[in-house]
Each structure stands twice: as structure tokens, then as C-alpha cells.
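If you want the building blocks of each chain, they are given just below.
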Amino acid sequence: MSFSATLSAPITPTALDELCINTLRFLAVDMVQKANSGHPGLPMGSASMAYALWDRSLKFNPRDPRWPDRDRFVLSAGHGCALQYALLHVTGYDLPLEELKRFRQWGSRTPGHPEYGKTPGVEATTGPLGQGLANGVGMAIAEVALAARFNRRGHQIVDHYTFVLVSDGDLEEGISSEAGSDAGHQHLGKLIVLYADNHITIEGSTELTFTEDRLARFAAFGWHVQRVERSNDVDAVALALQNAREESGRPSLIAVRTHIGFGSPHKQDTAAAHGEALGVEEVRLTKEGMGWPVEPAFHIPEEALEHFRRAVARGNSAQTEWESRFKAYAQQYPDLAAEFQRVIDRRLPKDWDADLPTFRAADGPMATRVASGKAIEALGPRLPEMMGGSADLGPSTHTHIDGAGNFEPENWAGRNMHFGIRENAMGAILNGMALHRGLIPYGGTFFVFTDYMRPPMRLAAMDALPVIYVFTHDSIGMGEDGPTHQPVEQLLGLRSIPGMVVLRPADANETVAAWRLAIGRKKGPVALVLTRQGLPVLGLDQYPGIPAGVPLGGYILADSPAGDRPEIIFIATGSEVHLALEGRDRLATEGVQARVVSMPSTNIFASQPDAYREKVLPTGVPLLVIEAGASLGWKSYVGAQIAVIGVDTFGASAPGSVVMQHYGFTVENVCKQAHTVLDRLKEKALCA
Ligand SMILES: Cc1ncc(C[n+]2csc(CCOP(=O)(O)OP(=O)(O)O)c2C)c(N)n1
């Protein structure tokens, strides 16, 4: 076992360090107290190690939070976000003190857990424990992959670290083992994880549940591990960080013995420091005990602020230095430099989608997973930023890019990833890669196993990340493996995630159109849902509407044979579209006029203008939906007599009653919606 060091030098924070650390602690305490909601414990206990990182190690520029070569910092223990907001404010990010005072309130930039895109400097949405750690693995993968692609001798233009702060909960979650194992295997030496080892979770001591030797566990994964016995020993934490940086062949875990609720006379080292404000009296006692003025709240001593704000000059000079190195690189390698800028901006190269494969009826039967593989084959060489793979199902998911090599420690330039049988981590790693920027990440598995990766998929949607999923074996039609492998409720489940585009193409040509849409979608994830079984190919000669129809989500694939208003409309997706076409033809022989609407994406179709939807599905024409999946979601098409007050976007951080009100759960809205339904029915009655 390779415990490299146990660091327990004498505690020597300078008075200034201590002032700065207490500034962070009490900003967090006051934020939680003012909101009367949140977690004060972790910020109080982890302020010193976070300070050591931000003051001594982290490369960041508060004035340009998106500078490509900054170090990444992910607070995986997102419940402790008051600490991160405090750090962002004092170091000079665009996060005014006013925002700290509006912690957890409607519309603030300081939501209840960190949300990517809402707060400058927040690199990932975190809160579901364990996800942030795996995001960090994805970011570290992106760093080495881009370094392998773009760096040249003497030109290290991609050269940064990824830091993650985790808590017990992060390491208890199974995803930490999935991601930890992968990171160790991949030798991600620039991934450094600080562990707030405070022995406490919500129900009490970790003795209740979590007694394995965490460092031994990560050492077994191939990590470099260290322990710091006293978190307030800023120098010891800084030294451990330095050791971790110097260890280039292994990711690092630094367990720091922290004390939840540090300084609180009644709550330190207890689960009571969790999930609620300390209380006015306890705040007073804590401040008095630590020599901090009780009033005013949100006090920031001038010396502390001045010290923290040096981060601005430090960041500016780090960025300027990088920019001048980038300039020299651009002079020597102008094409590479332009390419680097292109992928970081997620711009697509000219003509990336010209002449994508098309298929003729004679090419069938062809499974859509096979067609997807052919699309990847065509896109892979044109889009060197495409990088992905499968959770050990590559031969089935057809996710391999021929000739692109394996991503492995000996070849970080390889673009074919082997995630192992680790769906949850795969999803979160893809998120980390997308958050890093510079890559178009994709990952595949059997559709039924999306159940194992819903948490990161939900976060991908929340963060509007351009991640592409390749899910095969998409229905009971996959056959012999039986019900454990036959998805039923997964389509409905994924469609219900706000912002998740689910595409279930009907044949090879729809599959290519789906890939075109997926690559072109710069914000938000796309799930491609594909068959195992062969399907007829809908030749573009007979069905020329496919390329333009797929991006609309649903379209008339085959109209009523007589060209009249149809008597019935079949809405079908994926493999069932062929059944619908056959049904339409059979009905025609019986004198019934049926239209077939192929609807590869209900979400996209739902977002089309009313006029288009009315054209495709005219009011009053009966509908028959044919889809080998749960029927529940289709009930929303039942017509004018129904309205729903529901939630179809993500929620927001604010007191619950305020959130409910903003989302329309008010008696006024109930009455308004009721009138809308009644008026609609009256109108119909008048028209009839
Ligand atoms: C996946 C997931 N499950 C449950 C929770 C609810 N939760 C928030 S914090 C926490 C435990 C906190 O303990 P720990 O991780 O040790 O953090 P600390 O005590 O250091 O604040 C739990 C269970 C969560 N955020 N994510």
C-alpha cells in the first residue's frame, strides 16, 4: 500500500490566514442564517482547506471565469455551496455581496446548490452526491485528451489541474468507486481530490455506515493518497497539494480531518451542523468564541478582502502569460491554434455534414444501431473533437470510430473510450468532458441500463450540456434476453426530463438525420434510441421528407392514400413506424384513409408552432399511437377538454411557497386554466 505521507506538522496559520478563513466561515454562517436554510457545517469545517487550495494552488482568474486553461474546481459536496459562493465573492468574481445576502432566494445567483451557468466560477451543477467527483474525472480526461491533441514540444497550451472537494457522502456513493477506479486506471495525475473527512453525515457518525479504510480503497484504485490530520494547518494542506501536483502518474486523494461546524460550541462535530441554520444564539456564541464581531452580519475585514483580491492580479497575470504562450504557439502552428479555438467555442467545421450517408430500400433490413455506427464512421474523421465509447457494449452499440485509437494511459490521443461497466460514472464523465469544453462526448449502452445513469443524464439536461447518448436494444423487440433487458418505461422516463431531446428514429435515413440534429445541437443532451433488430429502410426516393421532417420532431411520413383529410392518424416512433405504414396500406384496401406520422422526437414536436402541429395532427381526427413502450405519456394528446397544471421545466432555488407560486400553483391559475378549458369547449360546441 502506498500511503505516501502523513502530514501533521505544527499548526501554523498566520493571523492573516486565520482572518481570511474566518471570513469565509462567517460569510457562510451568515448566508445560511439569513436564508434560514442550508448547510453551515461543511463550510465552517472545510474553509481552511479550501483557503489553502484557493490561496496557494488554484490557477484561476476571477475576471475571466471561462479562460480555457484555468484549473477546474468542482465542489462535489454541493450542499456546502455557501463556502464556494463566499470564495467567489471575496476573490473578485462577479458575485456581489448582495447576492450572498440573497442565498437560496428566487432569482438569485446563489442557489441552494451550485448551478452551472447561474454563478460565474461554478464549473458544474452539483448536489446529488458523487456526481461532481465523476465530473472531475471527465474534466481531467478532457484535459489530457486535448493536451495530447494540441500540445507540441515546448508549447504546453493545455496544462491545468482539476480539483474536486468531496465529502463522506460523495465517497459512500457507488459512483465514486466507478469513477475512482477509472481515474486510477487512466493514470489521471492532474486530478486532485480533497476529502473533507469529518466523520459526520446527516444521521450521525460515519461509524454508523462507513468504516472501510477510504485511503486504502483509493490506493487500491491506483491513486496517490495522503492524510492531513489537522485541517486548520494551512501549510500542511498546501504541502499535500504540492505533493499531489508533483505526483504526475496517479490521481491524488488528500483526506483532511475536518470538523463539521468548526467553532460552534454546541454543534461542532455533530450532525446538527447539517441542513439548518445554526440559530441566532449559536451564531452569536460561535462568533464570540472565535473573536469575530457579532454585528454586522456579512462582515469582511479589509485586510482579508485585500488579501483575497490579490487573486485578481494573480489570475490576470497567469492568463496573460498563457495568452502570450498561446500567441507563440499560434505563430508556429496557426492551423492547430485555430482548431483549438474552434473546438473550445464548439463551432463545427465547414461542411461537416455534407454528403452524410443515405440508404436505399435495397440496403435493408438494417438495424438503426448499425446505421448509427455508419453515421459515426462518417462523422468521426470530420469531427476530431468527437470522443466517446460504451459501457463495455461497443460491439453491440456500434460506437467505435475506426482508426481513432483507444483512449488509454499509453495513448491519451485515442478517441475510443472504454468506460467499463460503469454507466453512472460514464454519464457523469461525459458531463465533465462537456463542461470542460473542447470535445463532443458521446456514450452508449443498452437502453434499459439508462436506469443506471439517470442522475448524470438529468444533470446534463439541467446544465444544457451537449452530450450525445447512443442507446440500443430499444424495446421488447430486442427479444431473447427477456424482460430484464427489454425497456418499457425508459422512453417515457427520459422524455420527462426537461431539456432532454429523445430521438427514436424509424430507419437508417432517420438515424442519419438524428445524428445530424444531435451534433448540431450545441446546448442540451440528445438521446438516440436505436433498435437491435433489422428494419426496412425508408428510401429517400419514396420518402423524401425524412431529412427535413426529423428536425421537426414529427412529420407526415405517408399521407392518406387518397390525399383527403385522413379519417385516422397513426403516430408511430422507431420500429413501429413500419407497422403503421403497413396498417395504413391495409386500411386503404378497406376504404379507410389513414395518415402515418413518424414522430422520432415528441419533445421537439411539442415545441413546434401550433400551426405546424395542427397541420400534422388536425384537431378532431382520431389518433392511434403505436409505440413499444409505456403508453402513459401519450395521454397528453387527448384534446381540448384537458389542461394540466404541471412542471415541465426544472425547478428553481427559493423558498418552497415562492417556487410553487411562480410555477402556477395558485388558486388564480387554477381558475384561469379552468376557464381556458371551458372556453375552448364552448367554442367547439359553437363550431359544431
Ligand atoms: C445522491 C444524494 N443522496 C442524498 C443526498 C442528501 N444529502 C445531502 S448532504 C448529505 C450527507 C452529508 O454528509 P457528508 O457527505 O459527510 O457531508 P458533510 O457532513 O461533510 O456536510 C446527504 C445524505 C444528496 N445530496 N445526494
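In what follows, the structure referred to is the one given above.
About the cut-offs
Residues numbered from 1 in each chain as written. Predicted model: local features only at pLDDT ≥ 70, side-chain atom pairs only at ≥ 80, totals over all residues. Heavy atoms only, no water. Helix = DSSP H or I, 4+ residues; strand = E, 2+ residues; numbered from the N terminus. Buried < 20%, exposed > 50% of the residue type's maximum accessible area, 1.4 Å probe, protein only. Contact = heavy atoms within 4.5 Å. Near = heavy atom within 4 Å. Polar contact = N/O pair within 3.5 Å; in protein donor to acceptor, adjacent residues only side chain to side chain. Areas by Shrake-Rupley, 256 points an atom, 1.4 Å probe, with all protein chains shown as cover. Nonpolar A, V, L, I, M, F, W, Y, C, P; charged D, E, K, R; others polar. 1 Å grid on protein atoms, 1.4 Å probe; cavity = no way out; pocket = protein on both sides within 12 Å on 5 of 7 lines; lining within 4 Å. Points joined across faces, edges and corners; volume = space filled by probe spheres on them. Phe/Tyr/Trp six-rings, centres within 6.5 Å; stacked < 30°, edge-to-face > 60°. Patch = residues over 30% accessible without salt bridge, like charges linked within 9 Å, V, L, I, M, F, W, Y side chains within 5 Å. Salt bridge = Lys/Arg side-chain N within 4 Å of Asp/Glu carboxyl O.

Draft legend 1. Seen up close, the side chain of threonine 258. By the secondary structure assignment, threonine 258 is in the loop between β8 (252-256) and α10 (280-289). We classify threonine 258 as buried; its relative accessible area is 0%. Contacts of threonine 258, omitting those with residues within four sequence positions, involve Gly45, Ser46, Met49, Ala196, Asp197, Asn198 and Ser231.

Draft legend 2. Just the site of the ligand, in detail. In the region of the ligand, 15 residues are neighbours, and His79, Ser167, Gly169, Asn198 and His274 sit closest. Here an oxygen atom of the ligand and a side-chain polar atom of serine 167 are 2.6 Å apart. Within the side chain of histidine 274, a nitrogen or oxygen atom sits 2.7 Å from an oxygen atom of the ligand. In the complex, the protein chains occlude 74% of the 580 Å² of accessible area that the ligand would expose alone. The set of elements that each furnish at least two residues to the shell around the ligand consists of α6 (168-172) and β5 (200-201). Its residues placed into classes, the shell around the ligand shows six nonpolar, seven polar and two charged.

Draft legend 3. Structural context of the layout of surface pockets. Reported here for the second largest pocket is a volume of approximately 410 Å³. Along the walls of the second largest pocket sit 21 residues, with His113, Glu115, Thr125, Arg458 and Met462 positioned nearest its centre. Split into classes, the residues belonging to the lining of the second largest pocket amount to eight nonpolar, eight polar and five charged.

Draft legend 4. Representation of empty space enclosed by the protein within the structure. Per the counting criterion, the structure on display carries three cavities of 30 Å³ or more. Taken together, 13 residues line the largest cavity, and the ones lying closest to its centre are Phe60, Asp71, Tyr93, Gly121 and Glu123. Within the lining of the largest cavity, the residues separate by chemical class into six nonpolar, two polar and five charged.

Draft legend 5. Structural view of the packing of aromatic side chains. Inspection of every chain in the model, using the stated rule, returns 22 aromatic pairs. Aromatic pair tryptophan 54 and tyrosine 93: ring centres 6.5 Å apart, planes at 65°, arrangement edge-to-face. Taken together, the residues span a long stretch of sequence, with tryptophan 54 in helix α2 (residues 41-56) and tyrosine 93 in the loop between α3 (81-91) and α4 (97-101) at a distance of 39 residues. When its relative accessible area of 4% is taken as the criterion, tryptophan 54 is described as buried.

Draft legend 6. Spotlight on a nonpolar patch on the surface. Judged by side-chain polarity, Val647, Met660 and Phe665 come together as a nonpolar surface patch covering roughly 260 Å² of accessible area. Locating valine 647 in the fold gives a position in the loop between β18 (623-626) and α23 (656-662).

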